[in-house]
Protein chains: 2
Amino acid sequence: MAESSSKQDYFVGVDLGGTKILAGIFDNSLKNLATAKLSTKSQRGVEAVIERVARCVQDAVDEADLSLKQIVGVGIGAPGSVDFDSGTVIFAPNLEGWKDVPLKKHLEKLLGVPVFVENDCNIAALGVYAAELKSKPRHMVGIFVGIGIGGGIVIDGHLYSGFGHTAGEIGHMVLEVNGPKCGCGNKGCFEALASRTAIFQRIKAGVKDGQKTLLTDMLGDDLDDLRSGDLRKAIRRGDKFVDKVIEEAAEYIGIATANLINILNPEVVVLGGGVMEALQDEMMSVIIETAKDYAMAGAMKGVEIVASKLGDDAGITGGAVLARREAKKA
Amino acid sequence: MAESSSKQDYFVGVDLGGTKILAGIFDNSLKNLATAKLSTKSQRGVEAVIERVARCVQDAVDEADLSLKQIVGVGIGAPGSVDFDSGTVIFAPNLEGWKDVPLKKHLEKLLGVPVFVENDCNIAALGVYAAELKSKPRHMVGIFVGIGIGGGIVIDGHLYSGFGHTAGEIGHMVLEVNGPKCGCGNKGCFEALASRTAIFQRIKAGVKDGQKTLLTDMLGDDLDDLRSGDLRKAIRRGDKFVDKVIEEAAEYIGIATANLINILNPEVVVLGGGVMEALQDEMMSVIIETAKDYAMAGAMKGVEIVASKLGDDAGITGGAVLARREAKKA
């Protein structure tokens, strides 16, 4: 089928998250041809989730009017630590029961296509680097601020994954030794100060303490359905409280950015993830100013700090970049 | 002279510090044959310091019964930001008037030997990596705790210097947003919490507040001649106050180590510098325990945290490694 038109190579990128699975079809120039989305339903167990990933890939392939035979490879980002060589997810805290799951092996069986597995933030960094920055900077750091905070590091044009393939765990960089408790058990981690979870907690705690905010008018007192976009709306309508919370989070993101610039002196720092997607207009100037205050002048020289425009697509784009990279090696 | 015996290549490593210049002669296997030391006398001006560096190199060469003709190259670590390609010291805060000093050019004129200039902590990391770890780990982070705190990063077996050659400025990683003021103008930098300067300040402040310590018996109430070695002596004689200050500093070093492990997932973290040299027996177990507490389990897996045995010689050794590396390229 369609053999004549298949001089083009097609790649699938998958973003496997705690709540949803996103798959995208990309051509050789990283153009996104189609996407598909399924909820993860992690509570149904490991096997069911893997089957859903396969189904999501097939949906996306079908959406692009292609068949699996035309797919050169699938690159998938998983929310946890990954052994790239074996394609095993070692541990994914937001996926129930995911410990030492041979994702590559299972998916290849289901799809009949080569599968490559990476950490989700690493893969998002790779997507931003290749598709958005056209692989131009030599060194890049990606900071992804969402429910949690993760990072990805590109050094000399290659994804840097470290000794045990865990590099980029920037969310657990301590910024404030006596700061708020983090999910990891420590105090004052970047993630405990500036993630969506941390921001929402601060807002809910403020409301409990009697803080006035437009958010309660919009969503009711319990703020159950709070989303990052609501914060943007509230700020634009003049909500001082939400503005202050977001400014504080942006300052922490700026300090973390400066720490990474001091340590790694990259050419570009890219900020992405759900919080940045919703609130970049509100946060970027504070992030940049704070980073400049905290980074050493020499380390900051010529370094760009930018917001990614890929949004939610960073992960699937990076998956396709990974699959394309591995296909070239083969 | 000695042409017949000169199948061996000789290299000079120089550590240019704020108070002293150290030069060492090394053979191809990085064996240290001789050293020489001069005070820096930075107040005499840039030119005088460069001449003193040249004299120190000549002293060391003479001490090893060699002549400059037998020296293949000189590698020098300078305490500031360096443009490696031109061999220029861009800025060295602890050397009076050192701004855009073409050190390589001047020294090559004085010595007639190729000279290579690097940041002092980068070069110390290189020395530890090549001479102490025999270049075995793929990725290494060096943390040097002295008057200030600096770092050096080895990635894929090569010194990583970043976009603008400033990578490794780990001393200005913020660990405690509202912590003590740092010389850089910010608050809560690693350097402001755990450097010799920070430790001494805390001890002197404690004494002013009436803290009892053996140090005042040893050195008088003003503690003017305090050295890191005195702290070790006091602790070994049961000084609870000094013990607590050092334990606290070790905890901060452990947290910084964990941050770097979370970010970079190196195979080895090496701790060096004057404070570590004097107090490693007192500090290492606290550093390691704290790092384990703060690093993500996956990132910590198989990672070694060790104290360098090179002490003050890390810099000159690294200088020789640099000269040897560049000679091979030529």
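All figures in this text were calculated on a predicted structure; none of them were measured in a lab.

Basis of the calculations
- Residues numbered from 1 in each chain as written.
- Chains lettered and ligands numbered in written order.
- Predicted model: local features only at pLDDT ≥ 70, side-chain atom pairs only at ≥ 80, totals over all residues.
- Heavy atoms only, no water.
- Axes fitted to C-alpha atoms, helices over the stretch in contact; angles between N-to-C directions.
- Helix = DSSP H or I, 4+ residues; strand = E, 2+ residues; numbered from the N terminus.
- Parallel < 35°, antiparallel > 145°, perpendicular 65-115°, else oblique.
- Left-handed = near helix turned anticlockwise from the far one by under 90°.
- Contact = heavy atoms within 4.5 Å.
- Nonpolar A, V, L, I, M, F, W, Y, C, P; charged D, E, K, R; others polar.
- Buried < 20%, exposed > 50% of the residue type's maximum accessible area, 1.4 Å probe, protein only.
- Pairing = 2+ DSSP bridges.
- pLDDT = per-residue confidence, 0-100.
- Least-squares fit on C-alpha atoms with pLDDT ≥ 70 in both.
- Phe/Tyr/Trp six-rings, centres within 6.5 Å; stacked < 30°, edge-to-face > 60°.
- Lys NZ or Arg CZ within 6 Å of the ring centre and 35° of its normal.
- Buried area = accessible area lost by both parts, 1.4 Å probe.
- Salt bridge = Lys/Arg side-chain N within 4 Å of Asp/Glu carboxyl O.
- Polar contact = N/O pair within 3.5 Å; in protein donor to acceptor, adjacent residues only side chain to side chain.
- Patch = residues over 30% accessible without salt bridge, like charges linked within 9 Å, V, L, I, M, F, W, Y side chains within 5 Å.
- Areas by Shrake-Rupley, 256 points an atom, 1.4 Å probe, with all protein chains shown as cover.
- Lys, Arg positive; Asp, Glu negative; His and termini not counted.
- Charge placed at Lys NZ, Arg CZ, Asp CG, Glu CD.

K.L.:
Before we go on, may I ask you to explain the packing of helix H1 (residues 46-63) of chain B against helix H2 (residues 103-111) of chain B in this structure?
P.N.:
Packed helix pairs are characterised by how far apart their axes lie and by the angle those axes make with each other. Residues and elements named next belong to chain B. Contact geometry for H1 and H2: axes closest at 10 Å, N-to-C directions at 50 degrees. Taken together, the axis directions place H1 and H2 in an arrangement best described as oblique. Between H1 and H2 lies a crossing of right-handed hand. Between H1 and H2, the contacting residues are Ile 50, Glu 51, Val 53, Ala 54, Val 57 and Gln 58 on the first element and Leu 103, His 106, Leu 107, Leu 110 and Leu 111 on the second. Each residue belonging to the contact of H1 with H2 can be placed in one class, and the counts come to 8 nonpolar, 2 polar and 1 charged.

K.L.:
Teacher, can you tell me more about the pairing of strand S1 (residues 10-16) of chain B here?
P.N.:
Regular strands show a simple pattern: their side chains alternate between the two faces of the sheet. All names here are of chain B. S1 sits mainly inside the fold: 6 of its 7 residues count as buried. Here S1 pairs with strand S2 (residues 20-27) via 7 bridges, running antiparallel. Bridged to Val 14 within S2 is Ala 23. Here S1 hands over to S2 after 3 residues, the two strands then running antiparallel side by side. For S1 and strand S4 (residues 71-78), the ladder comprises 6 bridges, and the chain directions are parallel. Within S4, the residue paired with Val 12 across the bridge is Val 74.

K.L.:
Whenever I open this one, the confidence of the model for chain A confuses me. Can you help?
P.N.:
If pLDDT is low for a region, its predicted coordinates should not be looked at in detail. Per-residue pLDDT for chain A averages 95, and the proportion of residues at 70 or more is 98%. Contacts for the low-pLDDT stretch residues 1-6 of chain A, under 50 throughout, to residues beyond four places or in other chains number 7 contacts.

K.L.:
Teacher, can you tell me more about the relation of the copies chain A and chain B here?
P.N.:
One copy of the chain maps onto the second through a rotation about an axis and a displacement along it. When chain A is fitted to chain B, the best match, at an RMSD of 0.0 Å, comes from turning it 180 degrees and sliding it 0.0 Å along the axis. In symmetry terms, the pair is related by a two-fold rotation axis. When the interface residues of chain A are mapped onto chain B, 100% of them again lie at the interface, so the same face is used by both copies.

K.L.:
Got a minute to help me understand the packing of aromatic side chains in this structure?
P.N.:
Aromatic ring pairs are described here by two measures, namely the spacing of the ring centres and the angle between the planes. For the structure on display, the rule yields 0 aromatic pairs over all chains. For the cation-ring pair, B:Lys99 lies above B:Phe91, with the distance from its terminal atom to the ring centre recorded as 5.8 Å.

K.L.:
Help me out: how do you make sense of the interface of chain A and chain B in this one?
P.N.:
Opposite the 42 residues of chain A that make contact, chain B presents 42 residues. Interface area lost by chain A to chain B is led by A:Tyr160, A:Phe163 and A:Ile263, which between them contribute 21%. Scanning the region where chain A abuts chain B turns up 0 salt bridges. For the interface between chain A and chain B, the tally reads 26 residue pairs in polar contact (both at pLDDT 80 or more). Broken down by secondary-structure element, the contributors of at least two residues to the side of chain A that touches chain B are strand S10 (149-155), helix H8 (240-264), helix H9 (274-294) and helix H10 (297-300) of chain A.

K.L.:
Looking at this model, I keep getting lost on the sheet that holds strand S11 (residues 158-160) of chain A. Mind explaining?
P.N.:
Within a sheet, adjacent strands bond to each other through the backbone by hydrogen bonds, running parallel or antiparallel. Residue and element names in this part refer to chain A. Spatial ordering of the open sheet is given by S11-S10-S9-S12-S13, a layout of 5 strands whose pairing is mixed. Edge positions in the sheet fall to S11 and strand S13 (304-307), since each has one partner strand and no second. Between one strand axis and the next, the sheet turns through 25 degrees on average, direction left out of account. Two strands pair when backbone bridges link them, and strand S9 (residues 140-145) and strand S12 (residues 268-272) are joined in this way by 5 bridges, in the parallel orientation. Its bridge partner lying in S12, Phe 144 is registered against Gly 272. Contacts from H8 reach S9, S10, S12 and S13, with the element oriented near 160 degrees to S9.

K.L.:
I tried to follow the pattern of salt bridges on my own but got confused; where do I start?
P.N.:
Side chains that differ in sign of charge can pair as their charged atoms come close. For the coordinates displayed, the defined rule picks out 19 salt bridges over all chains. With a closest N to O distance of 2.8 Å, A:Glu326 and A:Arg325 form a salt bridge. Its salt-bridge partner being B:Lys329, residue B:Glu326 comes within 3.1 Å of it at the nearest N-O pair. Within this pair, B:Glu326 and its partner B:Lys329 are both found in helix H11 (residues 313-329), separated by 3 residues, close to a single helical turn. Judged by its relative accessible area of 11%, B:Glu326 falls in the buried class. By relative accessible area, B:Lys329 is classed as exposed at 60%. Here the residues in one salt-bridge network are A:Arg202, A:Lys244 and A:Glu248, joined through shared partners.

K.L.:
Please clarify how unusual backbone geometry should be interpreted in this entry.
P.N.:
Peptide bonds are, in most cases, trans, and in most cases residues other than glycine have a negative phi. You will see that A:Leu30, though not glycine, has its phi angle at about 65 degrees, which is positive. In this structure, A:Leu30 sits in the loop between strand S2 (20-27) and strand S3 (32-39). In this structure A:Leu30 comes out as buried when scored by relative accessible area, which is 12%. Although it is not a glycine, B:Lys41 sits at a positive phi angle of roughly 50 degrees. Structurally, B:Lys41 can be placed in the loop between strand S3 (32-39) and H1.

K.L.:
Looking at this structure, I do not really get a positive patch on the surface. What am I missing?
P.N.:
Residue and element names in this part refer to chain A. A surface patch of positive charge is lined by Lys 37, Arg 227, Lys 233 and Arg 237. Mapped onto the elements, Lys 37 comes out in strand S3. Residue class for Lys 37 comes out exposed when judged on its relative accessible area of 57%.

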